[in-house]
Amino acid sequence: MSRLTTKLQRLVFKISPHLAIALGVEFPLKSANRKFLEGEIFDYLNAFFTQQEQPAKCLFLGTDKRSWHYPRCLAAKVFTLDIEPKKAVYGNRGHHTIGSAAELEKHYPSASFDVVIANGLIGFGMNQEQDCEALLRASHAVLKAGGLLLMGYNDGAEFVNFKVREAKHYQLFEEVAPNHKALTRAQYDFDDHIFVFLKKRNHP
Ligand SMILES: C[S@@+](CC[C@H](N)C(=O)[O-])C[C@H]1O[C@@H](n2cnc3c(N)ncnc32)[C@H](O)[C@@H]1O
């Protein structure tokens, strides 16, 4: 995409995010893990959404320019949440909440989502062990029985001083391989960024 097109897209977004949606404006990142998220992972999640008996609901945590178009990529009713008021502009219009991913029960009924996507929070703001525990606990609370938590995180020593897999509340979930097309493992590593598919345990 030319620099002029990018500039024009930014200008349209600044003037009217609503118009930008209508024009299909996107600001995607080109990294390998982003392509994987937007390609293989979203393809699987969309298949998962269509298997649900009720119209599917998805909660996307942490909003940014790069993920602003995601509600248009996902075949579910998408709710977004970010702790930073200034990030609300990248939330899903009419379905965005300013709040903490550590306190999801304050904002949503329990057992109300088929999928929670928590990409880029651990290592990018939720950097204490207790943040990780709270994120896992709160995601478990708002997921329906059999619901999925898709985590994308960086827990290398340069980001945080704990390991996500060793969190106490990790036991609220089981790692599951989607077994959808090329997705045959529960975990995929992209250098320091890890994706893991976690299924809610109903009786941990
Ligand atoms: C690296 S961005 C990732 C955005 C998005 N999830 C994505 O995949 O592109 C991290 C975002 O998480 C938000 N964030 C950090 N701590 C949070 C918390 N406790 N609750 C909700 N959002 C938080 C930040 O404000 C920031 O917008």
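Since we're looking at a predicted model, the values are computed, not measured.

## Observations concerning helix α3 (residues 32–50)
Then step 1. Taking 1.5 Å of rise per residue, the 19 residues of α3 would be expected to cover 27 Å, and the 26 Å separating its terminal C-alpha atoms lies within 8% of that figure.
Then step 2. Remark: the principal bend of α3, roughly 35°, maps to Phe42.
Then step 3. Where α3 is concerned, the buried positions are Asn33, Arg34, Phe36, Leu37, Ile41, Phe42, Tyr44, Leu45, Asn46, Ala47, Phe48 and Phe49.
Then step 4. On its buried face, α3 is in contact with β1 (57–61), β4 (113–119), β5 (143–153), β7 (187–190) and β8 (193–200).

## Section: the environment of Asn33
Then step 1. Inspection of the secondary structure assignment puts Asn33 in helix α3.
Then step 2. Judged by its relative accessible area of 17%, Asn33 falls in the buried class.
Then step 3. Sequence-wise, Asn33 and Asp189 are 156 residues apart; in three dimensions their C-alpha atoms are separated by 8.5 Å.
Then step 4. Beyond its immediate sequence surroundings of up to four residues, Asn33 is in contact with Phe190, His193 and Phe195.

## Looking at the environment of Ala134
Then step 1. The residue Ala134 is located in helix α4 (residues 129–142) in this model.
Then step 2. The class for Ala134 is buried, based on a relative accessible area of 14%.
Then step 3. Taking C-alpha positions, Ala134 is 7.9 Å from Ala101, a pair spaced 33 residues apart along the chain.
Then step 4. In this view, Ala134 contacts Ala101 and Ala102; residues no more than four positions away in its chain are not counted.

## Side note on the site of the ligand
Then step 1. Near the ligand, the surroundings consist of 22 residues, among which Arg34, Asp82, Lys87, Ala101 and Asn119 are the closest.
Then step 2. In the environment of the ligand, an oxygen atom lies 2.8 Å from a nitrogen or oxygen atom belonging to the side chain of Arg34.
Then step 3. A distance of 3.3 Å is found between a nitrogen atom of the ligand and a backbone nitrogen or oxygen belonging to Ile83.
Then step 4. For the ligand, the protein covers 91% of the area, taking 600 Å² as the surface of the free molecule.
Then step 5. Looking at the shell around the ligand, the elements with two or more residues in it are β1 and β2 (77–82).
Then step 6. Classifying every residue of the shell around the ligand by side-chain character gives 8 nonpolar, 8 polar and 6 charged.

## Quick notes on the pairing of β5
Then step 1. Counting buried positions along β5 yields 8 of 11 residues, so the element is predominantly enclosed.
Then step 2. Across 6 bridges, β4 lies against β5 in parallel orientation. When the sheet's bridge partners are listed, Asn119 is paired in β5 with Gly152.
Then step 3. Read from β4 through α4 to β5, the crossover connection turns out right-handed.
Then step 4. In the sheet, β5 pairs with β8 via 6 bridges, with the strands oriented antiparallel. Considered in β8, the bridge of Leu149 is made with Leu198.

## A few points about the packing of aromatic side chains
Then step 1. Under the criterion given, the structure shown has 14 aromatic pairs.
Then step 2. Geometrically, the ring pair formed by Phe42 and Tyr70 is edge-to-face, given 4.9 Å between the ring centres and 90° between the ring planes. In this pair, Phe42 sits in helix α3 while Tyr70 sits in the loop between β1 and β2, placing the two residues 28 residues apart along the sequence.
Then step 3. Residue class for Phe42 comes out buried when judged on its relative accessible area of 2%.
Then step 4. Measuring from centroid to centroid gives 5.2 Å for Tyr108 and Phe113, while their planes differ by 80°, and the two rings are edge-to-face.
Then step 5. With relative accessibility at 1%, the residue Phe113 sits in the buried group.
Then step 6. Through pairs of rings, three or more aromatic residues link up here, namely Phe36, Tyr188, Phe190 and Phe195.

Calculation criteria
- Residues numbered from 1 in each chain as written.
- Predicted model: local features only at pLDDT ≥ 70, side-chain atom pairs only at ≥ 80, totals over all residues.
- Heavy atoms only, no water.
- Helix = DSSP H or I, 4+ residues; strand = E, 2+ residues; numbered from the N terminus.
- Expected span 1.5 Å × (residues − 1).
- Bend = angle between axes of the 7 residues up to and from the residue.
- Buried < 20%, exposed > 50% of the residue type's maximum accessible area, 1.4 Å probe, protein only.
- Contact = heavy atoms within 4.5 Å.
- Near = heavy atom within 4 Å.
- Polar contact = N/O pair within 3.5 Å; in protein donor to acceptor, adjacent residues only side chain to side chain.
- Areas by Shrake-Rupley, 256 points an atom, 1.4 Å probe, with all protein chains shown as cover.
- Nonpolar A, V, L, I, M, F, W, Y, C, P; charged D, E, K, R; others polar.
- Pairing = 2+ DSSP bridges.
- Right-handed = clockwise from strand over helix to strand, strands pointing away.
- Phe/Tyr/Trp six-rings, centres within 6.5 Å; stacked < 30°, edge-to-face > 60°.

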